[in-house]
Amino acid sequence: MKILIIEDEAELREVLTRSLTAERYVVETAATYREARSKAMIYHYDCLLLDIMLPDGNGLDLLRALTEAGRRTNVIILSAKDSIDDKVAGLDLGADDYLPKPFHLAELHARLKSVLRRRTRNGERLLQCGNVSLNPETFQAEVEGRNLELGRKEFDILVYFMNRLNQLVEKQTLAEAVWGDHTDQADNFDFIYAQIKNLRKRLKEAGAGIEIKTAYGFGYKLTLV
Ligand code: CA
């Protein structure tokens, strides 16, 4: 899962980055309204953590701009201004949750999981395709109830595909979702081929009822066998 932290206070930004990275999120950051806007308009994030008071703008305006551009995304507002007006305005503009500063990291993690579960998996804890089930919160994978050992990136790739069964996924899009920033500057996609190859092998050996097909010159597609 890929998160964009929009926060101008460097120290808080770093604490959040470290803490979310430790929880296995792919994390990107923006310190200004301008930077946040350009990232959120171009890339896909599973959730934005949005500060309201930014040096060059207001987080609520970003929510408005994203909605107008048809780029609906999960948003948790992190605001030092614990004002009911901001909270109401933010939720009205489509934010999923609101967390006043200061907050405990444990609470942020819990809210983030809840938003992702609700918005991305219709409230389901498990992600299920065929006889394969994944728990994105505990990082456990099973095939017909038997444990399936996956490497970290293999697991992240499979989560990404299982959220998009039968959809064509571009290599570039997959790279950005699973590896984050700077993959658009990568010379080639060898790192993806290697992971996909291993993942296919593990799925096949475990008797999984899903497979990752190659769409030549484009990317991949997860289908039921
Ligand atoms: Ca701020």
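Predicted, not measured: the structure shown is a model, and the values here were computed from it. (Residues numbered from 1 in each chain as written. Predicted model: local features only at pLDDT ≥ 70, side-chain atom pairs only at ≥ 80, totals over all residues. Heavy atoms only, no water.)

Chemist: Explain the overall build of the protein to me, please; I cannot follow it from the model alone.
Modeler: A tally of regular secondary structure across the protein gives eight helices and 14 strands. The globule rule puts the C-alpha radius of gyration for 225 residues at 17 Å, and the 18 Å found for the protein is close to it. In terms of principal-axis extent, the alpha carbons of the protein reach across some 55 × 35 × 30 Å. Within the span of the protein, comprising 225 residues, buried residues form 47% of the whole. Contacts spanning at least 24 positions in sequence make up 57% of the contacts within the protein whose residues lie at least 6 apart. (Helix = DSSP H or I, 4+ residues; strand = E, 2+ residues; numbered from the N terminus. Rg over C-alpha atoms; globule rule 2.2 N^0.38 Å. Buried < 20%, exposed > 50% of the residue type's maximum accessible area, 1.4 Å probe, protein only. Contact = heavy atoms within 4.5 Å.)

Chemist: Got a minute to help me understand the nonpolar core in this structure?
Modeler: It is characteristic of soluble globular proteins that their nonpolar side chains tend to be buried jointly. Grouped together as the largest cluster of nonpolar side chains are 31 residues, with contacts concentrated most on L134, L158, F161, M162, L174 and I210. Per-element accounting of this core gives the leading share, seven residues, to helix α6 (residues 152-162). Each residue touching M162, except ones within four places of it in the same chain, is listed here: L127, Q128, C129, V132, L134, I210 and L222. In terms of nonpolar packing, the next biggest core, distinct from the first, is built from 21 residues, L63, A65, I77 and A95 among them. (Core = buried A, V, L, I, M, F, W, Y, C linked by side-chain atoms within 4.5 Å.)

Chemist: Honestly, the pattern of salt bridges in this entry has me stumped. Any pointers?
Modeler: Proximity of charged atoms lets side chains of opposite charge pair with each other. All chains considered together, the criterion is met by 17 salt bridges. D61 is the salt-bridge partner of R64, the closest N and O atoms lying 2.6 Å from each other. Of this pair, R64 and D61 both sit in helix α3 (residues 59-68), three residues apart, which is roughly one turn of that helix. Between R111 and E107 there is a salt bridge; the shortest N-O distance is 2.7 Å. Linking R111 with E107, this pair stays in helix α5 (residues 105-120), spanning four residues, or about one helical turn. Note on R111: relative accessible area 22%, which makes it partly exposed. Since its relative accessible area comes to 34%, E107 is described here as partly exposed. (Salt bridge = Lys/Arg side-chain N within 4 Å of Asp/Glu carboxyl O.)

Chemist: Got a minute to help me understand the coordination of the calcium ion in this structure?
Modeler: Perfect tetrahedral coordination of a metal by four donors corresponds to 109.5 degrees between them, and perfect octahedral coordination by six donors corresponds to 90 or 180 degrees. Looking at the calcium ion, one finds its protein donor set to be D8 (OD), D51 (OD) and M53 (O), positioned 2.2 to 2.4 Å from the metal centre. Written as a sequence motif, the donor arrangement for the calcium ion is D-x42-D-x1-M. Here M53 lies in strand β4 (residues 53-54) and D8 lies in the loop between β1 (2-6) and α1 (10-22), a separation of 45 residues in the sequence. Residue classification places D8 among the partly exposed positions, given a relative accessible area of 29%. M53 sits in the partly exposed class, given a relative accessible area of 47%. (Donors = N, O, S within 2.8 Å, 3.2 Å for Na, K, Ca; no water.)

Chemist: Help me out: how do you make sense of α5 in this one?
Modeler: Because the α-helix completes a turn every 3.6 residues, residues three or four places apart line up on one side. For α5, spanning 16 residues, the distance from its first C-alpha to its last is 22 Å, which sits close to the expected 22 Å at 1.5 Å a residue. Taken together, the buried positions of α5 are occupied by L108, H109, L112, V115, L116 and R117. If you follow the buried residues of α5, they end up packed against β1, α1, β3 (47-51), β6 (75-79) and β7 (97-100). Of the residues trailing α5, N122 is marked for its positive phi of about 50°. (Expected span 1.5 Å × (residues − 1).)

Chemist: Would you mind showing me how to read the environment of R13 here?
Modeler: Tracing the backbone shows R13 in helix α1. Look at R13 and you get buried, because its relative accessible area is 18%. Sequence separation of R13 and T29 is 16 residues, and the distance between their C-alpha atoms is 7.5 Å. Once residues lying within four places of it in the same chain are set aside, the contact partners of R13 are I5, E7, D8, T29, A30 and A31.

Chemist: Explain the side chain of H109 here, please?
Modeler: Tracing the backbone through its elements, the reader meets H109 in helix α5. Classification of H109 by relative accessible area gives buried; the value is 11%. Apart from residues lying up to four places away in sequence, H109 is in contact with S19, L20 and E23.

The quantities given are spatial measurements derived from coordinates; they are silent on function.
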